[in-house]
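# Coordinate inspection notes
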Amino acid sequence: MKYKSVFDIIGPVMIGPSSSHTAGAARIGRVARNLFGREPKWATISFYGSFAKTYKGHGTDVAIVGGLLDFDTFDERIKESLTIARQKKIRIKFIEEEAVTDHPNTAKIMMGDEKGEMELAGISIGGGKIEIIELNGFVLRLSGHHPAILVVHNDRFGTIANVSNVLAKHQVNIGQMDVSRKEMGKMALMTIEVDQNIEESVLEEISALPNIVQVTRIVE
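Looking at an unreviewed UniProt entry, one finds the protein named L-serine deaminase, with Peribacillus cavernae as its source organism. What UniProt states about the protein under its Pathway (unreviewed entry) heading is, verbatim, "Carbohydrate biosynthesis; gluconeogenesis." According to the UniProt record, the Catalytic activity (unreviewed entry) comment for the protein is "L-serine = pyruvate + NH4(+)".

Shown next as structure tokens:
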């Protein structure tokens, strides 16, 4: 996996003790919950680098599970997230990985229920800021700090332009766009961060375009 990073250290209001190990981990977990769209029945969380060495002492484990429970970085319930997860009968497993990654604060979450599964990798880049760098095998760049849409599509000529034209028609400004594909001509993923939350009608219009497979919205 290729891991990217940006250096933006403006921190949020958060539960301590560490912005990168606690707030960042909570944000990774919460973005995973948002993308999955519901509370998972199980999650296997792999920690790499500094996360793997210090996750218990720095509260990375309780933070990332708190995120999976949809708790924000300042939510006092984060401290009890492992207990709350057990009460909800959510099976949680932690793995301390030895593999070397490009960023020391890296976590991978595999999560699921009877309806489906999802795999996500994220990095905590400091001050509570994060990037989601992989989703179900697609390399991407998603900060989780702006509204966004993820568009799974067939890798065909004109598809990206069609989506961009719909957003332009509705005066939705694109802040960042990345496109990832596993193989030329097969399935691809557009990651589009925008300046405002997108209305459901706009998502429906994008979904109706040729070669669009799935559209997922991430609200701010």
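### Some thoughts on the overall build of the protein
From N to C terminus, the protein includes six helices and ten strands. Relative to the globule expectation of 17 Å for 220 residues, the C-alpha radius of gyration of the protein, 17 Å, shows essentially globular dimensions. Projected onto the principal axes, the alpha-carbon positions of the protein cover approximately 50 × 35 × 30 Å. When the 220 residues of the protein are sorted by exposure, 50% land in the buried category. Taking the contacts inside the protein whose residues are at least 6 apart along the sequence as the reference set, 69% of them involve residues at least 24 apart. Carbon and sulfur atoms make up 49% of the accessible area of the protein, which totals about 10800 Å². Across the protein, the mean location of the 26 positive side-chain charges is 4 Å away from that of the 28 negative side-chain charges.

### Points about the side chain of E131
By the secondary structure assignment, E131 is in strand β5 (residues 129-135). With a relative accessible area of 2%, E131 lands in the buried category. For E131, the side chain forms a polar contact with the side chain of R141, separated by 3.3 Å.

Definitions and limits used
- Along every chain, residues carry numbers that run from 1 in the direction the sequence is written.
- The model is predicted, so local features are restricted to residues of pLDDT at least 70 and side-chain atom pairs to those at 80 or more, both for listing and for counting; the totals for chains, interfaces and linings are taken over all residues.
- Side-chain metrics rest on all non-hydrogen atoms present in the structure, leaving aside hydrogens and water.
- UniProt positions are given in the numbering used here, feature names are shortened, and annotations may be inferred rather than shown by experiment.
- Comment: elements are numbered from the N terminus, with helices defined as DSSP H or I runs of at least four residues and strands as E runs of at least two.
- When we talk radius of gyration, it's over C-alpha atoms, and the globule rule is simply 2.2 Å times the number of residues to the 0.38.
- Relative accessibility under 20% of the residue-type maximum defines a buried residue, over 50% an exposed one, and the middle range a partly exposed one, all with a 1.4 Å probe and only protein chains included.
- Any pair of residues with heavy atoms lying within 4.5 Å of one another is described as a contacting pair.
- Shrake-Rupley sampling with a 1.4 Å probe provides the accessible areas, and residues are treated as covered by the protein chains on show and by no other component.
- Charge counting treats Lys and Arg as positive and Asp and Glu as negative, with His and both chain ends excluded.
- To locate a charge, take NZ of a lysine, CZ of an arginine, CG of an aspartate or CD of a glutamate.
- Polar contacts, as used here, are pairs of N or O atoms within 3.5 Å; protein pairs need one atom able to donate a hydrogen and one able to accept it. Residues neighboring in sequence count only if both atoms are side-chain atoms.

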